[in-house]
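One-letter residues, chain by chain:
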Amino acid sequence: MKFTKMHGIGNDYVYVNCFEETVENPSELSKFVSDRHFGVGSDGLIMICPSEVADFQMVMYNADGSQAEMCGNGIRCVGKYVYDYGLTDKTEFDVETLAGIKHLVLTVEDGKAKLIKVNMGSPILEAEKIPVIAKQSPVINEPIEVCGKTYEMTCVSMGNPHAIVFMDDVKNLDIEAVGPHFENHPVFPRRVNTEFVEVLDRKTVNMRVWERGAAETWACGTGACATAVACILNGLTDDEITIHLLGGDLQIRWDREENLVYMTGSATTVFDGILNDF
């Protein structure tokens, strides 16, 4: 089976072109390729498939084998893949995901996709749709107790659930200790992705993310979008911000008049390979 290793600012996945390949057990394949000692090494598996309602379909699985609705960094890599590998010559097209159809716009340099802008759709703020069990809806600055400490969270769905926690000095956060307890907290019926955010100024924030089913990753596109929305809801930033993640930067803008979130960032091809033993 042919595959391509790609990353969006460090959020890395194994990509399979399902116009040419067939994946019989994507959950097990994702666990296999994600293993950084015995597999390829990745945050999960993304399959690029035909779609009846869009130009392409993105089907993704986390490193633990669970299926995920969406990945902002992953979909940028899908955009780069389909253009660079000749599946399309269009610089604007739609990709079907479990979180809805996303519109992509490519910036091309020297025949390769350089930057990808994604219309990530409208943020979901209703507690039951995120889902999160909460005293109020929207869930803005609501207390949550984790490991005996009280945090304040703002919850947003970008097709997948996010809890954003604002704090100082995220660099020194022991995310391995606290992340799993947020992910599996009983107030999140489908678990949750948790963004730990330090606001630097009205246009810039630092963010670390504990991803559901994947542990800490170097970046999370949907998490960055949810973070921007949470920053604005709490009156902490302007409507367009730069988010510094471990793997690089993303530009996020929430157009509140249209109620759409736009994400712009890079995508990188690492290498192509062949799996012989799966």
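Look above for the structure.
A separate point is helix α4 (residues 221–233). Since one α-helical turn is 3.6 residues long, residues separated by three or four positions face the same way. An ideal rise of 1.5 Å per residue puts 18 Å on 13 residues; α4 measures up with 19 Å between its terminal C-alpha atoms. With twelve of its 13 residues buried, α4 lies for the most part within the structure. The set of residues buried in α4 consists of G221, T222, G223, A224, C225, A226, T227, A228, V229, A230, C231 and I232. Of the residues flanking the end of α4, it is G235, one or two places downstream, whose phi is positive at about 70 degrees.

This next bit is on the pattern of salt bridges. Using the criterion set out here, one finds 15 salt bridges in the structure. Where R208 meets E216, a salt bridge forms, and the shortest distance between an N and an O atom there is 2.8 Å. With relative accessibility at 22%, the residue E216 sits in the partly exposed group. Overlapping salt bridges bring together K5, D12, R36 and D43 as one network.

Proteins that are soluble and globular tend to have nonpolar side chains buried together. M58 and I252 are the most contacted members of the largest nonpolar core, which has 53 residues in total. No other element matches the eight residues that α4 contributes to this core. Those residues in contact with M58, other than ones at most four positions away along the chain, are I46, M47, M70, C71, G74, I75, V78, V95, E96 and T97. Counting 22 residues, the second-largest nonpolar core is a separate cluster that includes I130, A163, V165 and W210.

On to the pairing of strand β6 (residues 92–97), then. Residues F93, V95 and T97 point to one face of β6 and are all buried, whereas E92, D94 and E96, pointing to the other face, are not buried. Bridge count for strand β4 (residues 56–62) against β6 is two bridges, and the pairing is parallel. Bridge pairing links F56 to V95 in β6. Where β6 lies against strand β7 (residues 100–109), six bridges are found, and the strand directions are antiparallel. Each bridged residue has a counterpart across the sheet, and for E92 the counterpart in β7 is V105.

The final tally for this structure, using the stated rule, is seven aromatic pairs. Centre to centre, the rings of Y13 and Y15 are 6.5 Å apart; their planes meet at 75 degrees, and the pair counts as edge-to-face. Accessibility classification places Y13 together with Y15 in one group, the buried group. With centroids separated by 4.2 Å and ring planes inclined at 10 degrees, the aromatic side chains of Y81 and Y85 adopt a geometry described as stacked. Here a set of aromatic residues connected by ring pairs shows up, and it is made of F19, F56 and F93. Over the face of the ring belonging to Y262 we find K117, whose NZ or CZ atom lies 5.0 Å from the ring centre. The ring of W254 is capped by R256, whose NZ or CZ atom sits 5.9 Å from the centre of that ring.

Let us now look at helix α1 (residues 26–34). All of the buried residues in α1 are P26, L29, S30, V33 and S34. Buried residues in α1, looked at end-on, bunch into an arc of 120 degrees, giving them a common side. Taken together, the buried residues of α1 touch β2 (11–17), β3 (44–49) and β4.

Turning next to the side chain of T217. One can find T217 in strand β14 (residues 215–217). Under the relative-accessibility criterion, T217 is labelled buried at 2%. A polar side-chain atom of T217 sits 2.6 Å from a polar atom in the side chain of E211. Look past the residues within four positions of T217 in its chain and what remains in contact with it is N11, D43, V209, E211 and L246.

Once that is clear, we can look at the environment of T242. Looking at where T242 falls in the secondary structure, it is placed in strand β15 (residues 240–245). Classification of T242 as buried rests on a relative accessible area of 17%. Counting along the chain gives 38 residues from T242 to T204, while the straight-line C-alpha distance between them is 4.9 Å. Not counting residues within four places of it along the chain, the set of residues in contact with T242 comprises K203, T204, V205, D249, L250 and Q251. Within the structure, T242 has its side chain in polar contact with the side chain of Q251 (distance 2.9 Å).

Structurally, D255 is set in strand β16 (residues 248–255). Overall, D255 belongs to the buried group, its relative accessible area being 18%. Through-space distance from the C-alpha of D255 to that of D239 is 7.2 Å; in sequence the pair is 16 residues apart. The contact partners of D255, leaving out residues within four places of it in the chain, are L260 and Y262. Among the polar contacts made by the side chain of D255, one reaches the main-chain amide nitrogen of E258 at a distance of 3.0 Å.

Cut-offs applied
- Residues numbered from 1 in each chain as written.
- Predicted model: local features only at pLDDT ≥ 70, side-chain atom pairs only at ≥ 80, totals over all residues.
- Heavy atoms only, no water.
- Helix = DSSP H or I, 4+ residues; strand = E, 2+ residues; numbered from the N terminus.
- Expected span 1.5 Å × (residues − 1).
- Buried < 20%, exposed > 50% of the residue type's maximum accessible area, 1.4 Å probe, protein only.
- Salt bridge = Lys/Arg side-chain N within 4 Å of Asp/Glu carboxyl O.
- Core = buried A, V, L, I, M, F, W, Y, C linked by side-chain atoms within 4.5 Å.
- Contact = heavy atoms within 4.5 Å.
- Pairing = 2+ DSSP bridges.
- Phe/Tyr/Trp six-rings, centres within 6.5 Å; stacked < 30°, edge-to-face > 60°.
- Lys NZ or Arg CZ within 6 Å of the ring centre and 35° of its normal.
- Arc of directions from axis to C-beta.
- Polar contact = N/O pair within 3.5 Å; in protein donor to acceptor, adjacent residues only side chain to side chain.

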